[in-house]
Amino acid sequence: MKKLCLLLFVSTVTTFTLAQQTQKPPLHGKNWMAITGKPLAATAGSIVFERGGNAVDAACAMLAATCTMWDVLSWGGETQALIYNPKTKQVLAINAMGVAPTGATPEFFKSKGYGFPPEYGPLAATTPGTPGGICYMLSNYGTMSLKEVLAPAMQLAAGYPIDAQTANSIERGKDKIKQWPYSTKVLLTHPGEKREAPEAGEIFVQKDLLATLQKMVDAEQAALKKGKSRKEAIQAAYDRFYKGDIADEFVRGVKEQGGLITKQDLANWKPIEEAPTHINYKGIDSIILSATAGSGKTHSTVGRLNKMVDDGVDPSRIIFFSFTNDAVNELKSRIKHDVKITTIHSFTSSLLGKMGLFKPIVTFYEFTNWYKDKYKPHIKDPMKIKKEYSETVDKFY
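Calculation notes
- The numbers attached to residues start from 1 for each chain and follow its sequence in the written order.
- With the structure being a predicted model, the display of local features is reserved for residues of pLDDT at least 70 and the display and counting of side-chain atom pairs for 80 or more, all residues being used for whole-chain, interface and lining totals.
- Heavy atoms from the whole structure form the basis of all side-chain values; hydrogens and water molecules are not counted.
- In this text, helices come from DSSP runs of H or I with a minimum length of four residues, and strands from runs of E with a minimum of two, each type numbered from the N-terminal end.
- Under the scheme applied here, a residue whose accessible area is under 20% of the maximum for its type counts as buried, over 50% as exposed, and between as partly exposed, the area being computed with a 1.4 Å probe on protein chains only.
- Should any heavy atoms of two residues lie within 4.5 Å, those residues are counted as being in contact.
- For accessible areas, the Shrake-Rupley method is used with a probe of radius 1.4 Å. Any residue's cover is judged against the shown protein chains and nothing else.
- Under the rule applied, a polar contact is a pair of N or O atoms within 3.5 Å (in protein, one hydrogen donor and one hydrogen acceptor; residues adjacent in sequence only if both atoms are side-chain atoms).
- If DSSP finds at least two bridges between two strands, the strands pair.
- Under this scheme, a helix contributes an axis fitted over its contacting stretch, all axes are lines through C-alpha atoms, and angles between N-to-C directions fall in the 0 to 180 degree range.
- Each aromatic pair joins two rings of Phe, Tyr and Trp (for Trp, the six-membered one) with centres within 6.5 Å, and gets the label stacked for planes under 30 degrees apart, edge-to-face for over 60, and tilted for any other angle.
- Should the NZ of a Lys or the CZ of an Arg lie within 6 Å of a ring centre and within 35 degrees of the ring normal, that charge is described as sitting over the ring.
- Definition used in this section: a nonpolar core is a set of buried Ala, Val, Leu, Ile, Met, Phe, Trp, Tyr and Cys residues joined via side-chain atoms within 4.5 Å.
- Note on definitions: salt bridges are taken to be side-chain nitrogens of Lys or Arg within 4 Å of carboxyl oxygens of Asp or Glu.
- By definition, pLDDT measures how confident the predictor is in each residue, and it falls between 0 and 100.
- For this classification, under 35 degrees means roughly parallel, over 145 means roughly antiparallel, 65 to 115 means roughly perpendicular, and everything else is oblique.
- Left-handed describes a crossing whose near helix is turned anticlockwise from the far helix through less than a right angle; right-handed describes the clockwise counterpart.
- Each residue gets one label: Ala, Val, Leu, Ile, Met, Phe, Trp, Tyr, Cys and Pro are nonpolar, Asp, Glu, Lys and Arg are charged, and the others, such as Gly, are polar.
- Candidate patch residues must exceed 30% relative accessible area and have no salt bridge, after which like charges are joined if within 9 Å and Val, Leu, Ile, Met, Phe, Trp or Tyr side chains if within 5 Å.

## Here we look at the overall build of the protein chain
Move 1: Across its full length, the protein chain holds 18 helices and 9 strands.
Move 2: In the protein chain, which comprises 397 residues, the proportion classed as buried is 36%.
Move 3: Residue pairs in contact within the protein chain that sit at least 24 positions apart in sequence constitute 59% of those at least 6 positions apart.
Move 4: Accessible area for the protein chain stands at about 23800 Å²; split by element, carbon and sulfur atoms hold 57% of it.

## Considerations on the side chain of Asn85
Move 1: When you line up the elements, Asn85 lands in strand β1 (residues 79-85).
Move 2: Using a relative accessible area of 14% as the deciding quantity, one classes Asn85 as buried.
Move 3: At 2.9 Å, the side chain of Asn85 and the backbone nitrogen of Lys87 are in polar contact.

## Side note on the sheet that holds strand β5 (residues 272-274)
Move 1: Here we have 3 strands laid out as an open sheet, ordered β1-β2-β5, and antiparallel in their pairing. Edge positions in the sheet fall to β1 and β5, since each of these pairs with one other strand and no more. Across the sheet, the mean angle from the axis of one strand to that of its neighbour is 25°, orientation sign disregarded.
Move 2: For strand β2 (residues 90-96) and β5, the ladder comprises 3 bridges, and the chain directions are antiparallel. Of the residues in β5, the one forming a bridge with Asn95 is Ile272.

## So, the packing of aromatic side chains
Move 1: The final tally for this structure, using the stated rule, is 7 aromatic pairs.
Move 2: Summarising the aromatic geometry, the rings of Tyr242 and Trp269 are spaced 5.2 Å apart at their centres and angled 20° between planes, so their arrangement reads as stacked. Placement of the pair is Tyr242 in helix α11 (residues 230-242) and Trp269 in the loop between α13 (263-268) and β5, with a sequence separation of 27 residues. Per residue, the accessibility class of Tyr242 equals that of Trp269, and both read buried.
Move 3: An aromatic cluster is built from Tyr238, Phe241, Tyr242 and Trp269, whose rings are joined through pairwise contacts.
Move 4: Positioned above the aromatic ring of Tyr120, the side-chain terminus of Lys176 is 4.7 Å from the ring centre.

## A closer look at the nonpolar core
Among soluble globular proteins, nonpolar side chains are generally buried collectively.
Move 1: In terms of nonpolar packing, the biggest core is built from 45 residues, with Trp75, Met137, Leu146 and Leu150 touching the most fellow members.
Move 2: The element best represented in this core is helix α3 (residues 55-68), accounting for 8 residues.
Move 3: Membership of the second largest hydrophobic core comes to 14 residues, among which are Ala65, Ile162, Leu187 and Phe204.

## Looking at unusual backbone geometry
Move 1: Look at Lys89: it is not a glycine, yet its phi comes out positive at around 55°.
Move 2: Looking at the secondary structure, you find Lys89 in the loop between β1 and β2.
Move 3: Residue class for Lys89 comes out exposed when judged on its relative accessible area of 60%.

## Regarding the pattern of salt bridges
Move 1: In the structure shown here, the tally under the stated rule is 11 salt bridges.
Move 2: Salt-bridge contacts for Glu196 lead to Lys174; the nearest nitrogen and oxygen are separated by 3.8 Å. Within this pair, whereas Glu196 is found in the loop between α9 (181-187) and β4 (203-204), its partner Lys174 is found in helix α8 (residues 174-177), the two being separated by 22 residues in sequence.
Move 3: When its relative accessible area of 7% is taken as the criterion, Glu196 is described as buried.
Move 4: A residue is classified by how much of its surface remains accessible, and Lys174, at 14% relative accessible area, is buried.
Move 5: With its nearest N and O atoms 2.7 Å apart, the salt bridge here joins Asp248 to Lys263. With Asp248 in helix α12 (residues 245-256) and Lys263 in helix α13, the pair connects residues that are 15 residues apart, well separated along the chain.
Move 6: Here Lys263 falls in the partly exposed class, since its relative accessible area comes to 31%.

## Focus: the side chain of Ser139
Move 1: Considering the arrangement of structural elements, one finds Ser139 in helix α5 (residues 130-141).
Move 2: For Ser139, the contacting residues outside a window of four places in its chain are Arg230, Lys231 and Ile234.

## Notes on the confidence of the model for the protein chain
Move 1: On average, residues of the protein chain carry a pLDDT of 83, and 76% of them reach 70 or more.
Move 2: In the predicted structure, residues 1-19 sits below a pLDDT of 50 and forms 0 contacts with residues beyond four places in sequence or in another chain.

## Description of the packing of α3 against helix α6 (residues 146-157)
Move 1: It is the contact of α3 with α6, at a shortest axis distance of 7 Å, that shows an interaxial angle of 15°. Overall, the two elements α3 and α6 adopt an arrangement that is roughly parallel. Judged by the sense of rotation from one axis to the other, the crossing of α3 with α6 is right-handed. Across from Asp57, Cys60, Ala61, Ala64, Ala65 and Thr68 in α3, the residues of α6 making contact are Val149, Leu150, Ala153, Leu156 and Ala157.
Move 2: Split into classes, the residues belonging to the contact of α3 with α6 amount to 9 nonpolar, 1 polar and 1 charged.

## Structural notes on a nonpolar patch on the surface
Move 1: Side chains of Leu27, Met33 and Ile35 sit close together on the surface and give an oily, nonpolar patch of about 300 Å² of accessible area.
Move 2: The residue Ile35 is located in the loop between α1 (2-20) and α2 (39-50) in this model.
Move 3: Residue Ile35 is classed as exposed on the basis of its relative accessible area of 54%.

## Let's talk about the environment of Asn329
Move 1: By the secondary structure assignment, Asn329 is in helix α15 (residues 325-334).
Move 2: Judged by relative accessible area, which is 47%, Asn329 ranks as partly exposed.

Written out as structure tokens, the structure is:
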């Protein structure tokens, strides 16, 4: 009996230990690989590969599907990509990042009482880059039609079982979502109920998005029927989004909600193809886009710093800047040398203070923590906190 109890105990501990361990083993593919954060989106990529598409076709399909599933990407968002061209054996960068509308000036925001542009809502929006980025990549480096590549995303827009992570994120953010009627209509499928967001596994339908994607496909197919080339047909879809009736409706909705994006802003925007930055450290190439979120800059700049130290630069003479405290903490966990790591805001405040030009105050990050924990914990709206921080800063100038 004692032996049996011991065996059961060991078995339980072993099972518990194994349950706690997570692994990310290397993945290998013979002909292709389709990887993204959403299984259904990865499936979209695999479908395109199986139908004869190349890596760019599959990437465009996965991007479209992921945006449709409301991960950290969306159709109104931005896109950046690195593409290896096997013909030239070069890596090229696609910059489809949005830009601020022409009306988003300091004077405008000050006239509205803002110390900073708002973090959420139409006034925070830049021109959408993802539709144009997909069209550009597909047109220049893909092989399939827009109709073929968007097919999985359109199937998802017609209705798919929403995942728990996205559904719960919508529920947590429902108070903010309710500020915007169009978002409320799409995302809060059970208005007035205790849980207003979709339940995990519920069929989530996006009719307006489906209609928009269908319009783009219709523009492409109409151009092909007129004898246009594949590239010209995809351009027709691009033009319908940024210059045609889709643009008209986009601008109408933005203006109705108080936003600034104009039809001219949409027409003037274009994706940019550029050479990425190359950094080599001990024979390992790091390639990054412009320093934007998720572009690989942390990995590359850490490699660059290590190379500088290896080349004889005194690490105490190096200052490493980032934009956020979270990024600083991440860098500190990766860099083992005696290097000064700080945010650009904190460093500038300190420098100006030492020069007698600025009376240093707490950073916005510190101010927010103090505000929420001790000053006015009942206030949760980040815009109110940001406005008070701005007013506090202004008192010192």
